[in-house]
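Tertiary structure, described
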Amino acid sequence: MRHIIIASTSTTHGSGYLEYLLKDLELFFKNTEEILFIPYARPSGLSHDDYTQIVKIAFSKINKTVKGIHEYENPIDALKKAKGIFVGGGNTFVLTYQLYKNNLITPLQSAVNNGTPYLGTSAGSNICGLTIKTTNDMPIVYPPSFNALALVPFNINPHYLDPDTNSKHMGETREMRIKEFHNFNTQPVIGLREGSWLHVQNDSIILKGTLTARIFEYNQIPYEVKPSTELNILK
């Protein structure tokens, strides 16, 4: 039985780190007291230690302890023994590069597919899709592959933004970027707005939160889905 939360963001406007998710995470991680944190995405260039400290403070509010995977001599063994996993946001290319460098892609897939609860936010959500090609991040390093964990049968665009009709900015919108992606790729993409998340339980994928999500399918007109919608039909 797979248990996964794929969240658009770690922090919503006006709230603290993971604050909007803590009640759900208390239930989600009910069977473990310690979370294995993977800080490889390094938002704003944070060190692994500093990033882990932020996560420790957040999880202490629901009486969970946190240990960073970089603190272990053998990260593969740490994954195999983990009772709960959290992969935080930052730069998706840096995260993916580091996972490949440490030979963690397959062990991470195995752990999650074998039932270890997995929480991803932002970059940690991007890697749940088939590839990381719909990330918003700059490619500041070059991972060996853009292929991701394939925990869900589509791609994800976290922090999805709708066009601002009052803006004079003339650059591409997120929708235009995803349309460009579909010129070369056929898998669906979910535009996941901040404050929304996907709850995966075995083969069920349910949209959670209070906002709709925008669905992009190859050669189809984009459309909105409401919270509580089952999304496992997307292929």
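The structure we're discussing is the one just above.
Model, not experiment: these values are computed from the prediction.

So, about the environment of Ile-54. Mapped onto the secondary structure, Ile-54 falls in helix H2 (residues 48–60). Taking the C-alpha atoms as reference points, Ile-54 and Leu-231, separated by 177 residues in sequence, lie 32 Å from one another. Excluding residues that lie within four positions of it along the chain, Ile-54 makes contacts with Tyr-17 and Leu-46.

Attention now goes to the sheet that holds strand S2 (residues 34–38). Across the sheet, seven strands lie side by side as S3-S2-S4-S5-S1-S8-S9; this open sheet has mixed pairing. At either end of the open sheet lies a strand with only one pairing partner, and these are strand S3 (65–68) and strand S9 (204–208). Between one strand and the next, the sheet's axes are offset by a mean angle of 20°, whatever the strand orientation. The pairing of strand S8 (residues 197–201) with S9 spans five bridges and is antiparallel. Directly across from Gln-201, in S9, lies its bridge partner Ser-204. Across the face of the sheet, H2 comes into contact with S2, S3, strand S4 (85–87) and strand S5 (118–121) while running at roughly 165° to S3.

As a further point, take the pattern of salt bridges. Enumeration according to the criterion identifies seven salt bridges in this entry. Between Glu-180 and Arg-177 there is a salt bridge, and its shortest N-O distance comes to 3.3 Å. Remark: Arg-177 and Glu-180 occur in helix H7 (residues 174–181); sequence separation between them is three residues, near one turn of the helix. Residue classification places Glu-180 among the partly exposed residues on the basis of a relative accessible area of 34%. The partner of Arg-214 in a salt bridge is Glu-224, with the nearest N and O atoms 2.9 Å apart. With Arg-214 in strand S10 (residues 213–216) and Glu-224 in strand S11 (residues 223–225), this residue pair connects regions lying 10 residues apart in the sequence.

It helps to recall that an α-helix has 3.6 residues per turn; residues three or four apart then point in one direction. With 13 residues, H2 extends 18 Å between its outermost C-alpha atoms, agreeing within 8% with the 18 Å of an ideal straight helix rising 1.5 Å per residue. Within the sequence span of H2, burial applies to Tyr-51, Thr-52, Val-55, Ala-58 and Phe-59. Taken down its axis, H2 places every buried residue within 120° of arc, on the same side.

This paragraph deals with the packing of aromatic side chains. Considering all chains together, one arrives at nine aromatic pairs under this definition. Taking 6.1 Å as the distance between ring centres and 65° as the angle between the ring planes, the aromatic pair formed by Tyr-20 and Trp-197 counts as edge-to-face. Of this pair, Tyr-20 sits in the loop between strand S1 (3–7) and helix H1 (22–28) while Trp-197 sits in strand S8, and the two are 177 residues apart along the sequence. A residue is classified by how much of its surface remains accessible, and Trp-197, at 10% relative accessible area, is buried. For the ring pair Phe-29 and Phe-59, a centre distance of 5.9 Å and an interplane angle of 70° mean the geometry is edge-to-face. Within this pair, whereas Phe-29 is found in the loop between H1 and S2, its partner Phe-59 is found in helix H2, the two being separated by 30 residues in sequence.

One broad trend across soluble globular proteins is that nonpolar side chains are buried collectively. Counting 42 residues, the largest nonpolar core has Ile-38 and Tyr-118 as the members making the most contacts within it. Among the elements that make up this core, the one with the highest residue count is helix H5 (residues 105–113) (four residues). If we skip the residues at most four places from it in the chain, Ile-38 touches Ile-69, Leu-79, Ile-85, Phe-86, Val-87, Gly-88, Leu-95, Leu-99 and Leu-108. Membership of the second largest hydrophobic core comes to 20 residues, among which are Leu-21, Leu-22, Phe-28 and Phe-86.

Rules behind the numbers
- Residues numbered from 1 in each chain as written.
- Predicted model: local features only at pLDDT ≥ 70, side-chain atom pairs only at ≥ 80, totals over all residues.
- Heavy atoms only, no water.
- Helix = DSSP H or I, 4+ residues; strand = E, 2+ residues; numbered from the N terminus.
- Contact = heavy atoms within 4.5 Å.
- Pairing = 2+ DSSP bridges.
- Axes fitted to C-alpha atoms, helices over the stretch in contact; angles between N-to-C directions.
- Salt bridge = Lys/Arg side-chain N within 4 Å of Asp/Glu carboxyl O.
- Buried < 20%, exposed > 50% of the residue type's maximum accessible area, 1.4 Å probe, protein only.
- Expected span 1.5 Å × (residues − 1).
- Arc of directions from axis to C-beta.
- Phe/Tyr/Trp six-rings, centres within 6.5 Å; stacked < 30°, edge-to-face > 60°.
- Core = buried A, V, L, I, M, F, W, Y, C linked by side-chain atoms within 4.5 Å.

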